[in-house]
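The residues making up each chain are set out below.
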Amino acid sequence: MSEAPEHESATEQVFDYFLKEMVSGQSPPDLSSRIATAWLREQAGLATPTERSAERSDSSQSSSTRLAHPQLVRARPLLAQQPVQAMPVPNDQTTTGEPIVATSPQSRHGTSLRRNVIATLLALCACGLLALLSWRLVEQDLQLAQRLFELVPSPSQNSPSNQAAAHPRTESSERMLAASGQPADASESASPQPAGLAQASETIDGQAQSFPLDSGLANNRSIPVVSAESTANIGDPPRLDSQQIVAQIDEHLANLWQGLSITPSKRLNHAERAQRISLVLTGQPAIDPDSDLEPLISQATNSLPFARKWADQFVALWLANSRLPEGDVRLQALKKHFASNIYDGRPWSAAPGELLGGTIAGGSSEQDAATSTFFSALAGDGNHRMVAAIGSSFLDVNLSCVRCHDASSTSPAIEQPASVRWPAQMAERQSAYWSLAAMLQGIDARTDEEGTRVAVDRQAELLAAGKPLTTYYDLLDGRLQVAEPGLPDGQAWQSMSAASGVPRQALAEWLSQSPAADAATVNQVWRMVFGQALVSHAPWHADSSREAQVQAQRGELQRLLAQQYRAHGHDLKQLVGWIVLSDALGRQATQPTRAQWLAASAEQLQQWRRAKENFATGAKPISSTADSSLEKTLLAVLKWREQPENGSVETTLAQPAPSPSSSAKPPRPSAGDVDQTETIHELAERHQLDFPAASDIALVEHLLASERLSWKNCVEHVAGLAPYRLRDTRFQALADELLRHHNGDARATLLDLLWAVRH
Amino acid sequence: MSPESKEATTVSPNDAELELHELVQLHQVMVWRYLRALGADAALADDLTQDTFLEIMRRPLEQFNETATAAYLRRVAHNLFISRRRRESRMTVTQHAEQFETAWLRWAGFDSGNELLDSLKDCFARLTHRAQLALRLRFGEDASRQAIATALGITEHGAKNLMQRAKSQLRECLENKK
């Protein structure tokens, strides 16, 4: 996250080194013969790097007793065609005067013997394990076959079902597959696998990946593609009129509430509803709240305040992690440009193309200016801000995790219906992240003579010079992988018509056409209206089958809206209009009174929360700076911790407790408490419902178990799970403060942070 | 997949194996300098350069092109360096590799750094004698700031400013040469 200081420091470090080399005149030595010798010796089984250190210390103790190098008898040819040669071994020394290799033939012989014995034993063990595994697999196959035949009607019952036995994809087997959550036809089988299957294929990939370069390519080939199911469902839907769409939204919501036994709050009267809609659309009260809603919405969405407000919100979303100063004139110009697009009713799907596809430097059109500003704000430091922004802005996925590992490797496995998971599945693999990063290779940002941050685009230059746009990344086990530029769905970037340009432009074109971007826009508009996304891809939001079901229902609604948004020519005004006309915004924004809240049972509190989370209690438009609420929550957590009676209580906030009904119940506020105290106790009250989910605990344990992650990295991982980008330094500072309150207990602190991010 | 990688995947395994001698000749200077820039002393850089190439040779390397191989060698060298430091409990580096790679490419570009050194020599000659002396003392003789200040007859703070300005001028000069 806060990469700038590290990057600056690295830049300084490299520069200083070259300066030092130039001034001191110390040039690199020629190590050719030394390396060749070491390689030949290693091939002859004479020395390994680890042994070499020990040998060096031995030899330094008694250099006079150093033995001559043993005679080499065999070496691996450096080329397949090259004959094996015995090479004379020079007595090379390191710059410190120590010998590279000095061995005793007898001790080497002993080592080789031991190594051979150990290798034989290991091979035997491996054979045994393989045999055992094979037997288990055969057993499982037999059991599966038995179950299959039990479900398929027997030949005696129905003779045509002989074919069913021979071809399992018959009606009855389809029912069985449907029940088990598997796709029923061949086109659906291309859709991403459930978590368990994904894990298995990963293991297979892992075994096949003996060498990073090979394995990277293999990995690239296995980038999950957009499922046939998802594209089929998004593409070419019947175009409905606005009233039909709003009716369908209301129907979905009614089903959702009914399924959760939620009683929605009362409806607003006409004038109140008109006022709220006007505020959501333009930020201004309605001039004539008694007029009909549809004309009012039409008038509002065609107004300049609407265009300005929504352009501001989108730009704030895209550039949430911008490196440009707040008052930069380019930001204002960008907002003005998109406000103009909205006002003119241009298709909103063109936004990614405008932001990514123009000329970065030297262009004169408005699109070029937009592209230049976007890259100046986010490029640099490995372009990770840019990749994250593309993920969150245009694909509606959080790519923070997959930068370092496959998402399934740390996030607790959660079974979710495909309708909910499909957008996120594009970004579950680390290789997909790095392919996207490779698409931006050659783009950087620098500060010019006037102190202005500007983007630099060398993609075309690199491609012309035949330089590859590959990136390298580490797997969790330390192996290196290589990633080639590729589109998020796994296609080659050359497949786009912008292939004559550069990968960046191909990506822009792909995003402009992608159904995933449509679904992302729906989710973002919904969040801007109601304060929370329609479908959440955060791992904790579906840690129970009930939650998964809720997410699936919401996913259906998202898909409907995405289809209609596409069918209506990506008209942002219409999309916003349908959403604000829905029943969810026409409900009173009710909250339990203080007396109700204090007297409520845990079940009632949970019901209130559920109603709020499912848009049954009106809406509260959020500001563009979403992270301020998290900061407020974290500050409240800190204040809570500062209270002496709470500092050592195990059960506060997100800490694990022996049981929810333990005695450590936070004190209820008295009537005379000030507002701030009330907030703190409100947090504590909510804690009664928020014992850490198993998925949270698993995530924290996983983070802490990783030796590669520093405290800062752990905090970054938690911050990355927020549905929006956080201000790095402030979040880190608050996390550090919390850590101090926990007396250095990282586990407790991370759980608190997760709790804060959830709320 | 880019045309380059397509070409690379069609290379037969035998042809794809690199000759160690050629690989070392091409990249050893870059790897050694990279390790030195990371903070390795000369002896450690020697050892780790050797280990880097041995690590490569232990596996069948498909060479896509020199740039890709160079980047891969740097990553291997970086990982070996970190592993060595961790064994010595001297440093904890986490995601430093990417930043360092970016910084390396910024200055050294796609060659071993020879072009940069040539440019640096040229830019260095344009500095004032006092600035040159300060940098020579600092980077050539590892003199302390106090010693540099005494040698130049200025305050310690003045020496610091002088060196900062000189480095800034060098950077500007290098940027203009690109």
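This text gives an overview of the structure that appears in the document. (Residues numbered from 1 in each chain as written. Chains lettered and ligands numbered in written order. Predicted model: local features only at pLDDT ≥ 70, side-chain atom pairs only at ≥ 80, totals over all residues. Heavy atoms only, no water.)

1. Details of the overall build of chain B
For clarity, the threshold we go by: Secondary structure is summarised from DSSP: a helix means a run of H or I of at least four residues, a strand means a run of E of at least two, and numbering begins at the N terminus for each. Only protein chains enter the accessibility calculation, which uses a 1.4 Å probe. A residue is then buried if its area is under 20% of the maximum for its type, exposed if over 50%, and partly exposed in between. Contact criterion: two residues are considered in contact whenever any of their non-hydrogen atoms come within 4.5 Å of each other. All accessible-area figures derive from a Shrake-Rupley calculation using a 1.4 Å probe, and residue coverage is judged against the displayed protein chains alone.
Assigned secondary structure in chain B consists of 10 helices and zero strands. Each helix (α) and strand (β) of chain B, taken in turn from the N terminus, gives the series α-α-α-α-α-α-α-α-α-α. The proportion of buried residues among the 178 residues of chain B is 54%. Considering only residue pairs separated by 6 or more positions, chain B has 63% of its internal contacts joining residues 24 or more positions apart. When the accessible surface of chain B is totalled, it reaches about 8100 Å², and 47% of it is carbon and sulfur.

2. A closer look at the overall build of chain A
The helix and strand tally for chain A stands at 34 helices and four strands. Relative to its full complement of 759 residues, chain A shows a buried share of 47%. Put simply, 71% of the contacts in chain A that link residues at least 6 apart link residues at least 24 apart.

3. A word on the state of the cysteines
Residues and elements named next belong to chain B. Put simply, the test is: We call a pair of cysteine sulfur atoms a disulfide when they lie within 2.5 Å.
For the structure on display, the rule yields one disulfide over all chains. Disulfide pairing places C123 opposite C173 at an S-S distance of 2.0 Å. On the sign convention where negative is left-handed, the bridge of C123 and C173, at about -75° about the S-S bond, is left-handed. Pair noted here: C123 is in helix α7 (residues 114-125) and C173 is in helix α10 (residues 156-177), with a separation of 50 residues, a long-range link.

4. A look at the side chain of H570 of chain A
Residues and elements named next belong to chain A. Within the secondary structure, H570 is located in the loop between α24 (545-567) and α25 (572-581). In this structure H570 comes out as buried when scored by relative accessible area, which is 11%. In contact with H570, other than residues within four places in its own chain, are R346, P347, W348, S349, D518 and Y565.

5. What to know about helix α4 (residues 42-57) of chain B
Operational definition: To estimate the expected span of a helix, subtract one from its residue number and multiply by 1.5 Å.
Along its 16 residues, α4 of chain B runs 23 Å from first to last C-alpha, staying within 8% of the 22 Å computed at 1.5 Å per residue. Burial analysis of α4 of chain B places 15 of its 16 residues in the buried class, the great majority of the element.

6. Focus on the environment of V550 of chain A
Residue and element names in this part refer to chain A. Relative to the elements of secondary structure, V550 occurs in helix α24. Overall, the relative accessible area of 4% leaves V550 in the buried class. Along the primary structure V550 and V535 are separated by 15 residues, whereas in three dimensions their C-alpha atoms are 9.2 Å apart.

7. Description of the packing of helix α11 (residues 270-282) of chain A against helix α12 (residues 293-301) of chain A
Residue and element names in this part refer to chain A. This is how it is decided: For helices, the fitted axis covers only the stretch in contact; all axes are lines through C-alpha atoms, and the angles between them, taken along N-to-C directions, range from 0 to 180 degrees. Any angle that falls under 35 degrees is termed roughly parallel, while one over 145 is termed roughly antiparallel, one within 65 to 115 roughly perpendicular, and all others oblique. By convention, the crossing between two helices is left-handed when the near helix turns anticlockwise from the far helix through less than a right angle, and right-handed when the turn is clockwise. Put simply, Ala, Val, Leu, Ile, Met, Phe, Trp, Tyr, Cys and Pro go in the nonpolar bin, Asp, Glu, Lys and Arg in the charged bin, and everything else, Gly too, in the polar bin.
Where α11 meets α12, the axes come as close as 10 Å, and the angle between the chain directions of the two elements is 20°. One finds that α11 runs roughly parallel with respect to α12. Along this stretch, α11 crosses α12, giving a crossing that reads as right-handed. Where α11 abuts α12, its residues H270, R273, A274, I277, L281 and T282 lie against L293, L296, I297, A300 and T301. Classifying every residue of the contact of α11 with α12 gives seven nonpolar, three polar and one charged.

8. Structural notes on the packing of helix α2 (residues 32-43) of chain A against α4 of chain B
As a packed pair, α2 of chain A and α4 of chain B sit with axes 10 Å apart at the nearest point and diverge in direction by 50°. Classed by the angle they form, the pair α2 of chain A and α4 of chain B counts as oblique. Remark: the crossing between α2 of chain A and α4 of chain B carries right-handed chirality. Contact residues: R34, I35, A38, W39 and E42 of chain A in α2 of chain A; D46, D47, T49, Q50, F53, L54 and M57 of chain B in α4 of chain B.

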